[in-house]
Amino acid sequence: MIVCVCHRVSDKTIAQCARSGMAFDDIQLELGVATQCGQCEGCARSVFSECAPGHVVAHLQLQTAEQARQVERA
Ligand code: FES
């Protein structure tokens, strides 16, 4: 999906940059995202924050069958 229409930048490109460790400012300088009309900034920052290293996606907890039974009994 194109996020920045002015500079024709997709969410995939922003995600790749974020995952590679680029700061949002660097993405703006490199790709021009949110530097013209600014309408894409909210969406671009949202994609960036979801994909930036350190973003907690989910907390998974593994349980053994015995632990699950103990939780059910409690
Ligand atoms: S849509 Fe990104 S600067 Fe205009």
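This one's a predicted model, so the numbers in the text were calculated from it and none came from an experiment.

Trainee: Help me understand the packing of helix α1 (residues 11-19) against helix α3 (residues 41-51) in this model?
Mentor: How two helices pack is summed up by the angle between their axes together with the distance between the axes. The interhelical angle for the contact between α1 and α3, taken along N-to-C directions, is 40°, at an axis separation of 8 Å. Our classification of the angle between α1 and α3 gives oblique. Both α1 and α3 take part in a crossing whose hand is right-handed. Facing Asp11, Ile14, Ala15, Ala18 and Arg19 of α1, the residues of α3 in contact are Ala44, Val47, Phe48 and Cys51.

Trainee: Honestly, the packing of helix α2 (residues 24-31) against α3 in this entry has me stumped. Any pointers?
Mentor: Direction vectors running N to C along α2 and α3 enclose 125°, while the axes themselves pass 11 Å from each other. The angle between α2 and α3 places the two elements in the oblique class. Crossing angle aside, the handedness with which α2 passes α3 is right-handed. Residues Phe24, Ile27 and Gln28 of α2 pack against Ala44, Arg45 and Phe48 of α3.

Trainee: Can you walk me through the pattern of salt bridges in this structure?
Mentor: Pairs may arise between side chains of opposite charge once their charged atoms sit close together. With the rule as written, the count across this model stands at one salt bridge. Glu41 serves as the salt-bridge partner of Arg45, at 2.8 Å between the closest nitrogen and oxygen. You can see Arg45 and its partner Glu41 sitting in helix α3, four residues apart, about one turn around the helix. On the basis of relative accessible area, Glu41 is assigned to the partly exposed category, the value being 29%.

Trainee: Looking at this structure, I do not really get the environment of Cys6. What am I missing?
Mentor: By the element assignment, Cys6 lies in the loop between β1 (2-4) and β2 (9-10). Note on Cys6: relative accessible area 36%, which makes it partly exposed. Once you skip the residues sitting within four places of it in the chain, Cys6 turns out to touch Gln36 and Cys37.

Definitions and limits used
Residues numbered from 1 in each chain as written. Predicted model: local features only at pLDDT ≥ 70, side-chain atom pairs only at ≥ 80, totals over all residues. Heavy atoms only, no water. Axes fitted to C-alpha atoms, helices over the stretch in contact; angles between N-to-C directions. Helix = DSSP H or I, 4+ residues; strand = E, 2+ residues; numbered from the N terminus. Parallel < 35°, antiparallel > 145°, perpendicular 65-115°, else oblique. Left-handed = near helix turned anticlockwise from the far one by under 90°. Contact = heavy atoms within 4.5 Å. Salt bridge = Lys/Arg side-chain N within 4 Å of Asp/Glu carboxyl O. Buried < 20%, exposed > 50% of the residue type's maximum accessible area, 1.4 Å probe, protein only.

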